[in-house]
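A closer look at the structure
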Amino acid sequence: MRGYGQFCPIARSSELLAERWTPIIVRNLLNGCRTFNEIRQGAPGISTALLAQRLDVLERHGVLRRTVDGRSVTYGLTEMGQALRPVLDVMGQWGARWLEIEPGHLEPAYVLWATMKLVDLDKIPDGTTVVRFELRDRPAEQYWLLLRRPQPELCSRSSGYAEDLVCRTDARTLVDLHLEQLPYPQAIRTGRVELIGPPRLCKDFPGWFRSSPFAAYVPSVAQAR
């Protein structure tokens, strides 16, 4: 890292936290990611070498702790790292309020990872419910969301489970739903979301997901005008 040569706390914090991917890694850890693969799944596009380097820097500065148990390696934020939660919350609120979502921000792998993180464990059925997502903007790609307690799982390859439900949609629609810019009934009525499966599951599906914590900060269409 190259320093700014300034004693200012903003400058010193930026030397560590303004590096590319670092806020995303901290965000993923705050969202419950613990293993290298879990952190990487929430950061599509980062290389394994760069992720390893960023984790090493954060560990050396005391932001996270690396725990080795046999062949298992996990990561967790220290008190210093947990203190970044309000910082990232404010960044998210500011971005939701002031920055437009552009086509380049709709990476499907991340949108579905965010969808997984918004699963309401109190609302999903008992056992494992498998939902296959067919994204119209990425027809060559398919994703499977395994809804189960205590931790849902997102797969980009068939899990071997029988599929209970198929959801045909696109990344933009999922984002609009999570940010409360589009009600589920309207999305289904207009064909932006198509659910294929047992009627009970199709009816319950919209209730399985919480809204984004930043939804309240996104200007409504009327406000944006």
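It should be noted that the structure appears before, not after, this text.
Residues numbered from 1 in each chain as written. Predicted model: local features only at pLDDT ≥ 70, side-chain atom pairs only at ≥ 80, totals over all residues. Heavy atoms only, no water.

Quick notes on the packing of helix H2 (residues 22–30) against helix H4 (residues 48–60)
The relative placement of two packed helices comes down to the angle between their axes together with the axis-to-axis distance. Using the following cut-off: Axis lines are fitted to C-alpha atoms, over the contacting stretch for helices. Their N-to-C directions set the angle, which ranges from 0 to 180 degrees. Each helix is a run of H or I in the DSSP string that is no shorter than four residues. Each strand is a run of E no shorter than two, and both are numbered from the N terminus. Should an angle fall under 35 degrees it is called roughly parallel, over 145 degrees roughly antiparallel, and 65 to 115 degrees roughly perpendicular, with every other angle called oblique. Contacts between residues were defined by any pair of non-hydrogen atoms, one from each residue, lying within 4.5 Å. The nonpolar class holds Ala, Val, Leu, Ile, Met, Phe, Trp, Tyr, Cys and Pro. Asp, Glu, Lys and Arg form the charged class, and all remaining residues, Gly among them, are polar.
Contact pair H2 / H4: the axes reach a minimum separation of 10 Å and the direction vectors enclose 75°. Taken together, the axes of H2 and H4 lie roughly perpendicular to each other. The residues of H4 that touch H2, namely those facing Thr22, Ile25 and Val26, are Leu51, Arg54, Leu55 and Leu58. Along the lines of polarity and charge, the residues of the contact of H2 with H4 split into five nonpolar, one polar and one charged.

Considerations on unusual backbone geometry
Filter applied, for reference: The rule is simple: take the accessible area with a 1.4 Å probe, protein chains only, and divide by the maximum for that residue type; under 20% is buried, over 50% is exposed, in between is partly exposed.
Of note, the amide linkage connecting arginine 149 to proline 150 takes the cis form, showing an omega dihedral of 5°. At tryptophan 21, a position not held by glycine, the phi torsion is positive, near 80°. Turning to its location among the elements, tryptophan 21 is positioned in the loop between helix H1 (9–17) and H2. Residue class for tryptophan 21 comes out buried when judged on its relative accessible area of 15%. Of note, the phi angle at glutamate 180 is positive, near 60°, even though the residue is not glycine. Relative to the helices and strands, glutamate 180 resides in the loop between helix H8 (171–178) and helix H9 (184–189).

A word on the packing of aromatic side chains
The criterion, for reference: When two rings of Phe, Tyr or Trp (its six-membered ring) have centres within 6.5 Å they constitute a pair, described as stacked for plane angles under 30 degrees, edge-to-face for angles over 60, and tilted for the intermediate range. For a Lys NZ or an Arg CZ to count as sitting over a ring, it must be within 6 Å of the ring centre and within 35 degrees of the ring normal.
Across all of its chains, the model carries five aromatic pairs by this definition. Through successive ring pairs, a cluster of aromatic residues spans Phe133, Tyr184, Phe205, Trp208 and Phe209. Lying across the ring of tryptophan 98, arginine 97 places its NZ or CZ 4.3 Å from the centre.

As for the packing of helix H7 (residues 108–117) against H8
In plain terms, the rule: Helix crossings get a hand from a simple test, with the near helix turned counterclockwise from the far one by less than a right angle marking a left-handed crossing and a clockwise turn marking a right-handed one.
Closest axis-to-axis distance for the H7/H8 pair is 10 Å, and the angle between their directions is 35°. Crossing geometry of H7 relative to H8 is assigned as left-handed. In contact with Pro108, Val111, Leu112 and Thr115 of H7, H8 contributes Ala171, Leu174, Val175 and His178. By residue class, the composition of the contact of H7 with H8 is six nonpolar, two polar and no charged.

Digging into the side chain of threonine 173
Note the following rule: In the analysis that follows, any N or O atom pair within 3.5 Å is treated as a polar contact, provided that within protein one partner can donate a hydrogen and the other can accept it, and provided that, for residues neighboring in sequence, both atoms belong to side chains.
Inspection of the secondary structure puts threonine 173 in helix H8. Within polar-contact distance, the side chain of threonine 173 engages the side chain of arginine 192 at 3.0 Å. Ignoring anything within four residues of it in the chain, the contact list for threonine 173 reads Leu182, Arg192 and Val193.

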